[in-house]
Structure formats: structure tokens, C-alpha cells
Amino acid sequence: MRCAANTELVDRVPVPSGCAYRAVFAGEPERITAELAVELRRVLERFAEEAGATAAKPVRIGFGRGIFGHHQVGRAADIYAVNGLRLDGWKRCWDTAQCRAARAADKSERRLIVETEQKQNLGWRLYKALQLYGRWAQPYGYPIQLFGPWTRSEGPWRPISNFLLNAHRDHIHMSK
Ligand SMILES: [Zn+2]
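The structure contained in this document is the topic of the report that follows. (Residues numbered from 1 in each chain as written. Predicted model: local features only at pLDDT ≥ 70, side-chain atom pairs only at ≥ 80, totals over all residues.)

## So, the overall build of the protein chain
Inference 1: For the protein chain, the count of helices and strands is 7 helices and 8 strands.
Inference 2: A compact globule built from 176 residues would reach a C-alpha radius of gyration of about 16 Å, and the protein chain, at 17 Å, matches this within 12%.
Inference 3: Out of the 176 residues belonging to the protein chain, those deemed buried represent 31%.
Inference 4: Sequence separation of 24 or more characterises 60% of the internal contacts of the protein chain that already satisfy a separation of 6 or more. (Helix = DSSP H or I, 4+ residues; strand = E, 2+ residues; numbered from the N terminus. Rg over C-alpha atoms; globule rule 2.2 N^0.38 Å. Buried ≥ 20, exposed ≤ 12 C-beta atoms within 10 Å, placed from the backbone. Contact = placed C-beta atoms within 7 Å.)

## A few points about the nonpolar core
Inference 1: Counting residues in hydrophobic clusters, the biggest one holds 35 residues, and the most contacted among them are Val 59, Ile 61 and Ala 77.
Inference 2: Residue assignment for this core shows that the elements contributing at least two residues are β2 (21-25), α2 (34-50), β4 (59-64), β5 (76-82), α3 (87-102), α5 (122-133), β7 (146-147) and β8 (172-175).
Inference 3: Looking at which element gives the most residues to this core, the answer is α2, with 7 residues.
Inference 4: Apart from residues lying up to four places away in sequence, Val 59 is in contact with Ala 20, Tyr 21, Ala 48, Ala 51, Ala 53, Val 82, Asn 83 and Leu 122. (Core = buried A, V, L, I, M, F, W, Y, C linked by C-beta atoms within 7 Å.)

## A short note on the pairing of β8
Inference 1: Residue alternation in β8 divides its side chains into two sets, Ile 172 and Met 174 and His 173 and Ser 175, and both sets are buried.
Inference 2: In terms of strand pairing, β5 meets β8 through 4 bridges, oriented antiparallel. Among the inter-strand pairings, Ile 79 is bridged to a residue of β8, identified as Ile 172.
Inference 3: Pairing between β7 and β8: 2 bridges, direction antiparallel. Across the sheet, the residue bridging to Phe 147 is His 173, located in β8. (Pairing = 2+ DSSP bridges.)

## Comments concerning the environment of Leu 122
Inference 1: Mapped onto the fold, Leu 122 is located in helix α5.
Inference 2: What Leu 122 contacts, discounting residues up to four positions off in sequence, is Ala 51, Val 59, Val 82, Asn 83 and Trp 90.

See the structure below:
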């Protein structure tokens, strides 16, 4: 006789790769629910295509392992890196560009700096794609379950606490 918990484990699938992106892992791929796998693949494929990636030159998305909450039931995933650069690295590039923009001589120079960064920063672009195209869990009484280095400035849950923001400085967490 198989218990319910085992049945759930059997139903889980590895985090999928797509055509224009590769899911990469430090160890064994995390196993997630089919529902989360489908959603991730849909959103990551769109992100990759919009970023100009192709099957011949895919963007690499580095996943890590989560322990708490939705991770325990395969409903959550954590992304730590894009094309080999960690998300805290992408965030530093982003912050540096924002500082340069703030010191810009005029409006058009400021706009150019911001637009260039928005185009080149794959960490920010990934976060925005997950935010704009993803349909993530929102448990009753809780915020939408998408947290990362840009949550306070970009949303969806701008009043994110310092504690939760600090816990997501180097990765993006999403659950479905
Ligand atoms: Zn997580």
C-alpha cells in the first residue's frame, strides 16, 4: 500500500528546460508539481525569447534548492543565477546604473542610462517577466508568492518586510 505522501512525490517532475532557455542545477534538479513546471516553462520561454535567446544560444537559468513552506510540497522554485551571474550581482549592476542615472546631466541622458540597463540586465528582465506573465500563488491573507531583490521597487508586494527582502537578496522565489 502506498501512502499519500509517496503518491505526491511520484507525481512530481524535474524543473523543465525550454527551447530558448536551459534550467541548470548545482546538484539533482528539484522535483516540482506538474502545474508549477508548466507555468515556469511558459514564463521562462517568453522571457528567453524576448531577451533574444534561441535554441542555438539559450539563456541559462540557475536553480537552487528551497526548504521551507511551499518547497516541501513541490509548489515552489528558487532561481539564483542568469547566464552564470548570480542575482545579487545583477542587482548590484542595476543599483550602479540607477546611481549613474541619478547623477546624469539631463533628462535624455538619464533616460538612456535607464533604458540601456533595462535592456541589458537579465536579472531584472527575468524578475519582470515572472511578475508580468506569471500566475503565482496567493494564499488567503498573504501576498502574491513572488519575492526577489526587486520586490520593493517593482512589486508585486512593495511593502515587503526587511526580513523577507534580506532573505531574497540573492534569489527569486515563486510558488504556484
Ligand atoms: Zn524559495
